[in-house]
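# Commentary on secondary and tertiary structure
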Amino acid sequence: MDLQAIQEKLREEGFDGWLFFDHHHRDPIAYRVLGLEAGRHVSRRWYYWIPATGEPVKLTHRIEHWMLDALPGRKVVYSGWREQRERLGEILNDQMRIAMQYSPTA
């Protein structure tokens, strides 16, 4: 993954950042862009926030806290869905333009 190139493109397009998300390998685009191994066992939701400027943030479940260790950035972990929503809200804070993708056939 070329973090600098991604952040430069986000700024050019006027985005505050790009939020990646996966659960049970439903987003092959995220694995390809981030350079993650696609064959890994994933049973919990993870999020990867790349801000247009600054340090990325990894949000992973405590059971699979290692899921995004290969990526740069600060790690945040959660346990239940309430904590997941709280931590995601803290990470995204007041961001207004968030890029995301989806994989309609996955």
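The structure this text deals with has already been given above.
Starting afresh in each chain, residues are numbered from 1 along the sequence in its written order. Note on the predicted model: pLDDT of at least 70 is required for a residue's local features to be given, and 80 or more for side-chain atom pairs to be given and counted; whole-chain, interface and lining totals, by contrast, use all residues. Hydrogens and water molecules were not included; the side-chain quantities draw on all heavy atoms of the structure.

Assigned secondary structure in the protein consists of three helices and five strands. Helices (α) and strands (β) of the protein occur, in sequence order from the N terminus, as α-β-α-β-β-β-α-β. Note on method: radius of gyration uses C-alpha positions; expected globular size equals 2.2 Å times residues raised to 0.38. Over its C-alpha trace the protein gives a radius of gyration of 13 Å, about what one expects of a compact globule, namely 13 Å for 106 residues. On the principal axes, the C-alpha backbone points of the protein span a range of 35 × 30 × 25 Å. Secondary structure is summarised from DSSP: a helix means a run of H or I of at least four residues, a strand means a run of E of at least two, and numbering begins at the N terminus for each.

Turning to the nonpolar core, a few remarks are in order. Residues belong to one nonpolar core when they are buried, are Ala, Val, Leu, Ile, Met, Phe, Trp, Tyr or Cys, and are joined through side-chain atoms within 4.5 Å. Relative accessible area decides the class of each residue, using a 1.4 Å probe on protein chains only: under 20% of the type maximum gives buried, over 50% gives exposed, and in between gives partly exposed. Membership of the largest hydrophobic core comes to 18 residues, with the highest contact counts inside it found for Phe20, Leu34, Trp46, Tyr48 and Ile50. For this core, the secondary-structure elements that each account for two or more residues are helix H1 (3–13), strand S1 (17–22), helix H2 (28–34) and strand S2 (46–51). The contact partners of tyrosine 48, leaving out residues within four places of it in the chain, are Met1, Trp18, Leu19, Phe20, Leu34, Pro56, Val57, Lys58, Leu68, Leu71 and Pro72. Leu19, Val57, Leu59 and Leu88 belong to the second-largest nonpolar core, a separate cluster that totals 10 residues. Whether two residues touch is decided by their heavy atoms; if any such pair falls within 4.5 Å, the residues are in contact.

Here the focus is the packing of aromatic side chains. Between the rings of Phe, Tyr and Trp (Trp by its six-membered ring), a pair exists once the centres lie within 6.5 Å; its type follows the angle of the planes, with under 30 degrees stacked, over 60 edge-to-face, and the other angles tilted. Across all of its chains, the model carries three aromatic pairs by this definition. Note on tyrosine 31 and tryptophan 46: the rings are 5.8 Å apart at their centroids and 80° apart in plane angle, and the pair reads as edge-to-face. With tyrosine 31 in helix H2 and tryptophan 46 in strand S2, this residue pair connects regions lying 15 residues apart in the sequence. Here tyrosine 31 and tryptophan 46 have matching classes, each one buried.

The next thing to look at is the sheet that holds strand S5 (residues 98–99). Any two strands with at least two DSSP bridges between them are considered paired. Reading across the sheet, the five strands line up as S4-S3-S2-S1-S5 and stay open at both edges, with mixed pairing between neighbours. Of all the strands in the sheet, the pair left with one neighbour each is strand S4 (74–78) and S5. Sheet analysis places strand S3 (residues 57–61) next to S4, joined by five bridges and oriented parallel. Its bridge partner lying in S4, valine 57 is registered against arginine 74.

A separate point is the pattern of salt bridges. Salt bridge, as used here: a side-chain nitrogen of Lys or Arg that lies within 4 Å of a carboxyl oxygen of Asp or Glu. Evaluation of the coordinates by the stated rule reveals seven salt bridges. Between lysine 9 and glutamate 12 there is a salt bridge; the shortest N-O distance is 3.7 Å. Of this pair, lysine 9 and glutamate 12 are both found in helix H1, three residues apart, which corresponds to roughly one turn of the helix. A single salt-bridge network, built from bridges that share partners, covers Arg62, Glu83, Glu86, Arg87 and Glu90.

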